Amino acid sequence: MSHDPHCIFCKIVAGQIPSRKVFEDEELLVFHDIHPWAPVHLLIIPKRHIATLYDTSPEQHQALLGRMLALAPQLALEQGVTNGFRTLINTGADGMQEVQHLHMHVFGGPRPWARG
Ligand code: AMP
Ligand code: ZN
């Protein structure tokens, strides 16, 4: 399934829920987290519905996952994050994943941060 009608991030991709977008191309979307842990808190997501990192494989998703990671420094710098940042992908129950659509967090900006 490339679009899950019950998935909140699929609804953001479809424009059914608003978001503060910072980047978009044919396969990725990046927007600000609604409850930021840091002065800059971005979410990098694939546009097609992939529930978790468990649902990826080296054979099928190497390029997509590489692009998600490779975008992080570029977007951090564009947001004024020049002193370092954190990246995080939560996976599954023990990984504390709340939204079941693959996403990579990018946290940055001057400390102290609310979390992280
Ligand atoms: P995780 O715990 O890794 O699944 O993180 C999910 C993240 O999605 C949390 O940091 C939420 O604040 C964020 N989030 C949930 N709903 C929205 C939304 N409508 N727009 C932006 N971020 C959201
Ligand atoms: Zn989805």
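Located above this text is the structure these notes cover.
Everything quoted here is computed from the prediction, not taken from an experiment.

Quick one: what's the story with the coordination of the zinc ion (ligand 2), residue by residue and with numbers?
When a metal carries six donors in an octahedron, the ideal angles between them are 90 or 180 degrees, while four donors in a tetrahedron ideally lie at 109.5 degrees. Within the protein, the atoms that donate to the zinc ion (ligand 2) are Cys7 (SG), Cys10 (SG), His49 (ND1) and His101 (ND1), at distances of 2.0 to 2.3 Å. Each donor residue of the zinc ion (ligand 2) lies on the same chain, and together they follow the pattern C-x2-C-x38-H-x51-H. Within this pair, whereas Cys10 is found in helix H1 (residues 8-13), its partner His49 is found in the loop between strand E3 (40-46) and helix H2 (58-78), the two being separated by 39 residues in sequence. An identical accessibility class is assigned to Cys10 and His49; each is buried.

With reference to specific residues and values, describe the side chain of His49.
We classify His49 as buried; its relative accessible area is 12%. For His49, the side chain forms a polar contact with the side chain of His101, separated by 3.3 Å.

Outline the nonpolar core, supporting the account with residue identities and numerical values.
Counting 16 residues, the largest nonpolar core has Val30, Leu42, Ile44, Met68, Leu71 and Leu75 as the members making the most contacts within it. Those elements that place two or more of their residues in this core are strand E2 (28-32), E3, H2 and strand E5 (104-108). At six residues, the largest contribution of residues to this core is made by H2. When near neighbours in sequence (up to four residues on either side) are disregarded, Leu75 contacts Phe23, Val30, Leu42 and Ile44. Listed in part, the eight residues of the second largest apolar core include Cys7, Phe9, Leu29 and Phe31.

So what's going on with the site of ligand 1? Residues and values would help.
Looking at ligand 1, there are 16 residues lining it, with Asp33, Asn90, Glu98, His103 and His105 nearest. Between ligand 1 and Asn90, the relevant distance is 2.8 Å, taken from an oxygen atom to a side-chain nitrogen or oxygen of the residue. In isolation ligand 1 exposes 510 Å². Once the protein is present, 88% of that is buried. Placement of ligand 1 is best described as lying within the largest pocket. Residue assignment for the shell around ligand 1 shows that the elements contributing at least two residues are H1 and E2. Broken down by element, the shell around ligand 1 gets its largest block of residues, three residues, from H1. Its residues assigned to classes, the shell around ligand 1 shows eight nonpolar, six polar and two charged.

So, how was this worked out
Residues numbered from 1 in each chain as written. Chains lettered and ligands numbered in written order. Predicted model: local features only at pLDDT ≥ 70, side-chain atom pairs only at ≥ 80, totals over all residues. Heavy atoms only, no water. Donors = N, O, S within 2.8 Å, 3.2 Å for Na, K, Ca; no water. Helix = DSSP H or I, 4+ residues; strand = E, 2+ residues; numbered from the N terminus. Buried < 20%, exposed > 50% of the residue type's maximum accessible area, 1.4 Å probe, protein only. Polar contact = N/O pair within 3.5 Å; in protein donor to acceptor, adjacent residues only side chain to side chain. Core = buried A, V, L, I, M, F, W, Y, C linked by side-chain atoms within 4.5 Å. Contact = heavy atoms within 4.5 Å. Near = heavy atom within 4 Å. Areas by Shrake-Rupley, 256 points an atom, 1.4 Å probe, with all protein chains shown as cover. 1 Å grid on protein atoms, 1.4 Å probe; cavity = no way out; pocket = protein on both sides within 12 Å on 5 of 7 lines; lining within 4 Å. Sits in = over half its atoms within 2 Å of the grid points. Nonpolar A, V, L, I, M, F, W, Y, C, P; charged D, E, K, R; others polar.

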